[in-house]
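In case you want the letters, here they are:
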Amino acid sequence: CLAGFISRREAARVMVPRGKGTIIFTGATASVRGASGFCAFAGAKHALRALAQSMARELGPRGVHICHVVIDGAVDTPWIRENF
């Protein structure tokens, strides 16, 4: 979440003076629903979602669009092919 904050803060410093821009946060279902064994992951993803929502309310009126998209799915790797 800290990396998301810092990188988006720096992007906003360029976009706000221009009065336009888009910042996209990628998340997971865990950002809206926790699950057993995923405490740390769900907490981090929810924090990123809350950051996106707060930035949208702060920067939207200044012309910067913020969105949080949920992208769930396994990446095609040998481990995924063997275990799923």
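Placed above this text is the structure.
The rules behind each value
Residues numbered from 1 in each chain as written. Predicted model: local features only at pLDDT ≥ 70, side-chain atom pairs only at ≥ 80, totals over all residues. Heavy atoms only, no water. Helix = DSSP H or I, 4+ residues; strand = E, 2+ residues; numbered from the N terminus. Rg over C-alpha atoms; globule rule 2.2 N^0.38 Å. Phe/Tyr/Trp six-rings, centres within 6.5 Å; stacked < 30°, edge-to-face > 60°. Buried < 20%, exposed > 50% of the residue type's maximum accessible area, 1.4 Å probe, protein only. Lys NZ or Arg CZ within 6 Å of the ring centre and 35° of its normal. Expected span 1.5 Å × (residues − 1). Bend = angle between axes of the 7 residues up to and from the residue. Contact = heavy atoms within 4.5 Å. Pairing = 2+ DSSP bridges. Right-handed = clockwise from strand over helix to strand, strands pointing away. Salt bridge = Lys/Arg side-chain N within 4 Å of Asp/Glu carboxyl O.

### Details of the overall build of the protein
Here's step 1: Looking only at helices and strands, one finds three helices and two strands in the protein.
Here's step 2: Helices (α) and strands (β) of the protein occur, in sequence order from the N terminus, as α-β-α-β-α.
Here's step 3: For the protein, whose C-alpha radius of gyration is 15 Å, the value lies well above the compact-globule estimate of 12 Å for 84 residues.
Here's step 4: Each of the three principal axes of the protein carries a C-alpha extent, and together these read 50 × 25 × 15 Å.

### Some thoughts on the packing of aromatic side chains
Here's step 1: For the structure shown, the criterion picks out one aromatic pair.
Here's step 2: With a centroid separation of 6.4 Å and 65 degrees between ring planes, the pair formed by Phe38 and Phe41 is classed as edge-to-face.
Here's step 3: A relative accessible area of 43% means that Phe38 is categorised as partly exposed.
Here's step 4: The lysine or arginine in question, Arg8, covers the ring of Phe25, its NZ or CZ lying 4.5 Å from the ring centre.

### Concerning helix α1 (residues 2-18)
Here's step 1: Here α1 contains 17 residues, and its C-alpha end-to-end distance of 25 Å stays within 8% of the 24 Å for a straight helix at 1.5 Å per residue.
Here's step 2: At Ala12, α1 is bent by approximately 30 degrees, the largest bend along its length.
Here's step 3: Of the positions making up α1, those classed as buried are Gly4, Arg8, Ala12 and Met15.
Here's step 4: Those residues of α1 that are buried are in contact with β1 (21-27), α2 (39-59) and β2 (64-70).
Here's step 5: Among the residues trailing α1, Gly19 stands out with phi positive, at a value near 75 degrees.

### Brief notes about the pairing of β2
Here's step 1: Note that β1 and β2 share seven bridges and pair parallel. Among the inter-strand pairings, Thr26 is bridged to a residue of β2, identified as Val69.
Here's step 2: In this fold, β1 hands off to α2, which returns the chain to β2; that crossover is right-handed.

### Side note on the pattern of salt bridges
Here's step 1: This structure, assessed with the given rule, holds three salt bridges.
Here's step 2: Here Arg9 ties to Glu10 by a salt bridge, and the two come within 3.0 Å at their closest N and O atoms.
Here's step 3: For the salt bridge of Arg13 with Glu10, the shortest nitrogen-to-oxygen distance reads 3.1 Å. Of this pair, Arg13 and Glu10 both sit in helix α1, separated by three residues, roughly a single helical turn.
Here's step 4: Of the residues examined, Arg13 reaches a relative accessible area of 53% and is grouped as exposed.

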